[in-house]
Amino acid sequence: MTMTTVAGTIYARLGISRVINAADTFTALGGGPLPEPVLTAMREASTCHIQLVDLLDAIGARIAELTGNEAALVTSGAATAITLAVAGAIAGSDPAAVEATPDHRTDRREVVVLCAQRNQYDRMLRLAGGRLVVAGYSDGTAPWQLEAVISERTAAILWFAGSQFENYALDLDRVLGIARRTGVPVIVDAAAQIPPAANMRLYTGLGADAVAFSGGKGLRGPQGTGLLLGRGEFVARARAHAFPRPAIGRAMKVSKEDACGLLAAVELALSLDQDAEYARYRAVCERLESAFAGCRGVNARIVPLGNLGQAYPRLRVDLGPDAAAANADAAAAAFLAWTPPIVVGRDALLPSTFFLNPFTFEADEEADIVEAIRTIFGRDKK
Ligand SMILES: *Cc1c(COP(=O)(O)O)cnc(C)c1O
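Throughout what follows, the structure given in this document is the object of discussion. (Residues numbered from 1 in each chain as written. Predicted model: local features only at pLDDT ≥ 70, side-chain atom pairs only at ≥ 80, totals over all residues. Heavy atoms only, no water.)

Counting its secondary structure elements, the protein contains 15 helices and 12 strands. Relative to its length of 382 residues, the protein is compact, with a C-alpha radius of gyration of 22 Å against a globular reference of 21 Å. Taking the principal axes of the C-alpha coordinates as reference, the protein spans close to 70 × 55 × 35 Å. Out of the 382 residues in the protein, the part that is buried amounts to 53%. Of all intrachain contacts in the protein linking residues separated by at least 6 positions in sequence, the fraction that spans at least 24 positions is 67%. For the protein, the exposed area adds up to about 17,200 Å²; of that, 53% sits on carbon and sulfur atoms. Here the protein contributes 37 positively and 41 negatively charged side chains, and the mean placements of these two sets differ by 3 Å. (Helix = DSSP H or I, 4+ residues; strand = E, 2+ residues; numbered from the N terminus. Rg over C-alpha atoms; globule rule 2.2 N^0.38 Å. Buried < 20%, exposed > 50% of the residue type's maximum accessible area, 1.4 Å probe, protein only. Contact = heavy atoms within 4.5 Å. Areas by Shrake-Rupley, 256 points an atom, 1.4 Å probe, with all protein chains shown as cover. Lys, Arg positive; Asp, Glu negative; His and termini not counted. Charge placed at Lys NZ, Arg CZ, Asp CG, Glu CD.)

Here you go:
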């Protein structure tokens, strides 16, 4: 593959190619360029030593205030936020119990996940010494099925936000109702549920004890950051296990630069005019849609939401039998062979469909994508 690097940069020296991300906020693609205010905050943060506990506490307090939550904990990712929340829910903040984690001395270490919501991130609860208990079936969980697995051994319910996770799952309102009646805390994984930034108060406003967000996805903060937001007492228990304390969180480090960058990213995300942002992305989708005009066997149309229901539009491209690419695999391979490589969005259930997502590429990358569309699918192609 031809390398496309910017001469003189560290990527050029390492032989690492720039990639255009037209797919999604995929951690494996490293995150996009950090906004200038985030970079400034990180540069300022690196100028001297500070007391790290004081800094992390001050940033937590500021983010809690900005997002309308009682408390906030800066973590090394949404995955870490889940691990620490579960550790706190099981062990609390008693020093001996914190030290014993994850080899808990209590049986109250079960964490319930709805069957339809099982996914690669639910192992984060096991990292904290939690024991996974599945409620219901892949095609649904009845309220009584959730009630039936809750006992004196239940430490928490972990519920995943996002359209794909919510299909066939008991909705959050009913989960919260059962949790309230049984006295079990609810942790929401909403890692990718921004935009809108207002979601930082949505789930906890509904009554969840805590919610996890990625700092490096919709917030556009440093890739190695995340947030746990929620009730003061609940977040305090998670904090007892968090870096830089001598606890499991010691392996989940947050640098002062990352923490300050995340605060700047939260401030920036909350300052955006969400409707204007949406309109800007919609205009990008419209231009990409016109690039497909006249392409044989291709039907391109704008869909209103992101892959997990995020508030940005995407272009959905359906390939017919006489399209220049036989299926989505072939189309994705052609985009990936482009210089620079372009990664498009996929849906495992739709073998003849791919998506282009304006949220994750830069304005100056749009022309590359348009040229790739015209070359791969243009009029003269068959
Ligand atoms: C991305 C993601 C995570 C992990 O987030 P990090 O910030 O990378 O740790 C966890 N849960 C879900 C649902 C995600 O989409």
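Next, the rest of the story.
Taken as a whole, this structure holds 8 aromatic pairs when the rule is applied. Where Phe 335 meets Phe 377, the ring centres are 6.2 Å apart and the plane angle is 45°; that geometry is what we call tilted. Placement of the pair is Phe 335 in helix 14 (residues 328-336) and Phe 377 in helix 15 (residues 366-377), with a sequence separation of 42 residues. You can call Phe 335 buried: its relative accessible area is 0%. (Phe/Tyr/Trp six-rings, centres within 6.5 Å; stacked < 30°, edge-to-face > 60°.)

What follows deals with unusual backbone geometry. Residue Pro 195 is reached from Ile 194 by a cis peptide bond, and omega for that bond is 0°. With respect to the element layout, Pro 195 can be found in the loop between strand 6 (186-189) and helix 10 (199-206). Cis rather than trans, the peptide bond between Phe 243 and Pro 244 has omega equal to 5°. Relative to the helices and strands, Pro 244 is located in the loop between helix 11 (232-239) and helix 12 (256-271). Its identity is not glycine, yet Tyr 168 carries a phi of approximately 70°, on the positive side. Its location among the elements puts Tyr 168 in the loop between helix 8 (163-166) and helix 9 (172-182). For Tyr 168, a relative accessible area of 59% corresponds to the exposed category. The phi torsion at Arg 220 lies on the positive side, around 60°, for a residue other than glycine. Secondary-structure assignment places Arg 220 in the loop between strand 7 (210-214) and strand 8 (226-230). Of the residues examined, Arg 220 reaches a relative accessible area of 26% and is grouped as partly exposed.

Turning next to the nonpolar core. In this structure, Leu 146, Val 188 and Leu 227 are the most contacted members of the largest nonpolar core, which totals 51 residues. Tallying contributions element by element places helix 12 first for this core, with 8 residues. Residues in contact with Leu 227, not counting those within four places in the same chain, are Ile 63, Leu 73, Val 74, Thr 75, Ala 81, Met 200, Val 211, Ala 212, Phe 213, Leu 219, Leu 262 and Val 266. Grouped together as the second largest cluster of nonpolar side chains are 34 residues, Leu 73, Ala 192, Ala 210 and Leu 228 included. (Core = buried A, V, L, I, M, F, W, Y, C linked by side-chain atoms within 4.5 Å.)

On to the packing of helix 4 (residues 78-91) against helix 11. Viewed as axis vectors pointing N to C, helix 4 and helix 11 meet at an angle of 105°, and their least axial separation amounts to 7 Å. It follows that helix 4 is roughly perpendicular to helix 11 by the angle criterion. Contact residues: helix 4 offers Leu 84, Ala 85, Gly 88 and Ala 89, while helix 11 offers Phe 234, Arg 237 and Ala 238. Looking at side-chain class alone, the contact of helix 4 with helix 11 contains 5 nonpolar, 1 polar and 1 charged residues. (Axes fitted to C-alpha atoms, helices over the stretch in contact; angles between N-to-C directions. Parallel < 35°, antiparallel > 145°, perpendicular 65-115°, else oblique. Nonpolar A, V, L, I, M, F, W, Y, C, P; charged D, E, K, R; others polar.)

Okay, a nonpolar patch on the surface next. Judged by side-chain polarity, Ile 10, Tyr 11, Leu 14 and Ile 16 come together as a nonpolar surface patch covering roughly 440 Å² of accessible area. Assignment of secondary structure puts Leu 14 in helix 1 (residues 10-14). Looking at Leu 14, the relative accessible area reads 60%, which means it is exposed. (Patch = residues over 30% accessible without salt bridge, like charges linked within 9 Å, V, L, I, M, F, W, Y side chains within 5 Å. Salt bridge = Lys/Arg side-chain N within 4 Å of Asp/Glu carboxyl O.)

Looking now at the sheet that holds strand 1 (residues 20-22). Taken together, 5 strands build an open sheet; the order of strands is 1-11-12-10-9 and the sheet is mixed. Each having just a single partner strand, strand 1 and strand 9 (298-303) make up the two edges of the open sheet. Averaged over neighbouring strand pairs, the angle between their axes works out to 30° when direction is ignored. Across the face of the sheet, helix 14 comes into contact with strand 10 (314-319), strand 11 (342-346) and strand 12 (353-356) while running at roughly 155° to strand 11. (Pairing = 2+ DSSP bridges.)

Right, let's talk about the site of the ligand for a bit. The environment of the ligand is formed by Thr 27, Gly 77, Ala 78, Ala 79, Tyr 121, Phe 165, Asp 189, Ala 191, Ser 214 and Lys 217. One nitrogen or oxygen atom from the side chain of Asp 189 is found 2.6 Å from a nitrogen atom belonging to the ligand. Within the contact set of the ligand, an oxygen atom lies 2.8 Å away from a side-chain nitrogen or oxygen of Lys 217. Protein coverage of the free-state accessible area of the ligand, which is 380 Å², stands at 88%. Across the shell around the ligand, the residue classes break down as 5 nonpolar, 3 polar and 2 charged. (Near = heavy atom within 4 Å. Polar contact = N/O pair within 3.5 Å; in protein donor to acceptor, adjacent residues only side chain to side chain.)

Our next topic: the pattern of salt bridges. Oppositely charged side chains can form a pair if their charged atoms are brought close together. According to the stated counting rule, one finds 18 salt bridges in the structure shown. The partner of Glu 147 in a salt bridge is Arg 181, and the shortest N-O contact between them spans 3.0 Å. Linking Glu 147 in helix 7 (residues 143-149) with Arg 181 in helix 9, this pair joins segments that are 34 residues apart in sequence. On the accessibility criterion, Glu 147 (35% relative accessible area) is partly exposed.

On to the environment of Phe 361. In this structure, Phe 361 sits in the loop between strand 12 and helix 15. Of the residues examined, Phe 361 reaches a relative accessible area of 7% and is grouped as buried. Measuring from C-alpha to C-alpha, the distance between Phe 361 and Ile 20 comes to 6.2 Å, with 341 residues separating the pair along the chain.

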